[in-house]
Amino acid sequence: MLMHRVRNTCAFFVFFFLAWFSAIASAQESRGSDSGILSDGKLTKEELAAAMLTAEKDLTSMLKASLSDLEQELENSAIFGPGAWMVLKDRKLKKVTLGEGSENAPPSAKLQVFRASLRSLARHNKIDAALIVYPGTITKEGKQERVVVVEHEHRLGISGLKLIPIELDQGKVSFGAAISQDKSFQIFYDQKKKDV
């Protein structure tokens, strides 16, 4: 069941990446050769495919690792706290750990520490992707449901939020279909301020 949800999420990422990278490639082609990201100012289909595959692998590996950890936490204690994962420049996946002073902090403070740490690493070009998870609730058809809130960002210009419903039945965890939403960048890039 978990793998089915991860595959569905991956399909969404692939579609999103393809649309995004196609737009970037078109923009690069229309600019001319002097102002492009690459020396020739163009992104080839092979470069687009490689970048899309890299981003998909990064986001999928972080999501899979985070849900696996959460599944264990929920089955052991029926609760979970905030957590974070990152993909380093050498493509290694790493769970973010808090220092001793932050371990007993309230969940909202832990989230701020995770965001600040990941932002610093991203701005110093140490990581390519980041994912933060924390508990939340949504109201669906008049009932409150527990969800895993998943914030994810990638250096390639992807930022999103997923709400994944949680069900706990006799100590066994299952995750529902993810609800995807847009999210402004907080880690890799600054949002452009609109003129008033």
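Here is a short report on the structure shown in this document. (Residues numbered from 1 in each chain as written. Predicted model: local features only at pLDDT ≥ 70, side-chain atom pairs only at ≥ 80, totals over all residues. Heavy atoms only, no water.)

**Some thoughts on unusual backbone geometry**
Phi is positive for Ala 78, which is not a glycine, with a value near 70°. Turning to its location among the elements, Ala 78 is positioned in the loop between α2 (45–77) and β1 (83–88). Residue Gln 170 is not a glycine yet carries a positive backbone phi of 50°. Looking at the element boundaries, Gln 170 is found in the loop between β5 (158–169) and β6 (172–175). (Helix = DSSP H or I, 4+ residues; strand = E, 2+ residues; numbered from the N terminus.)

**Structural notes on the pairing of strand β4 (residues 143–154)**
Pairing geometry for strand β3 (residues 127–140) and β4, over 12 bridges, is antiparallel. Residue Tyr 134 lies in a different strand from β4, and its bridge partner there is Val 149. Between the end of β3 and the start of β4, which pair antiparallel, lie 2 residues, with Glu 141 showing a positive phi angle near 55°. When β4 meets β5, the two strands line up antiparallel, connected through 8 bridges. Counted as the bridge partner of His 154 is Ile 158 from β5. Hairpin connection from β4 to β5: 3 residues lie between these consecutive antiparallel strands, with Gly 157 at a positive phi of about 100°. (Pairing = 2+ DSSP bridges.)

**A short note on the packing of aromatic side chains**
Considering all chains together, one arrives at 2 aromatic pairs under this definition. A ring pair is formed by Phe 185 and Tyr 189, whose centres lie 5.3 Å apart and whose planes are at 85°; its orientation type is edge-to-face. Residue classification places Tyr 189 among the partly exposed residues on the basis of a relative accessible area of 31%. Seen from their ring centres, Phe 188 and Tyr 189 are 6.3 Å apart, and the 40° between their planes marks the pair as tilted. An aromatic cluster of three or more residues is present, and its members are Phe 185, Phe 188 and Tyr 189. (Phe/Tyr/Trp six-rings, centres within 6.5 Å; stacked < 30°, edge-to-face > 60°. Buried < 20%, exposed > 50% of the residue type's maximum accessible area, 1.4 Å probe, protein only.)

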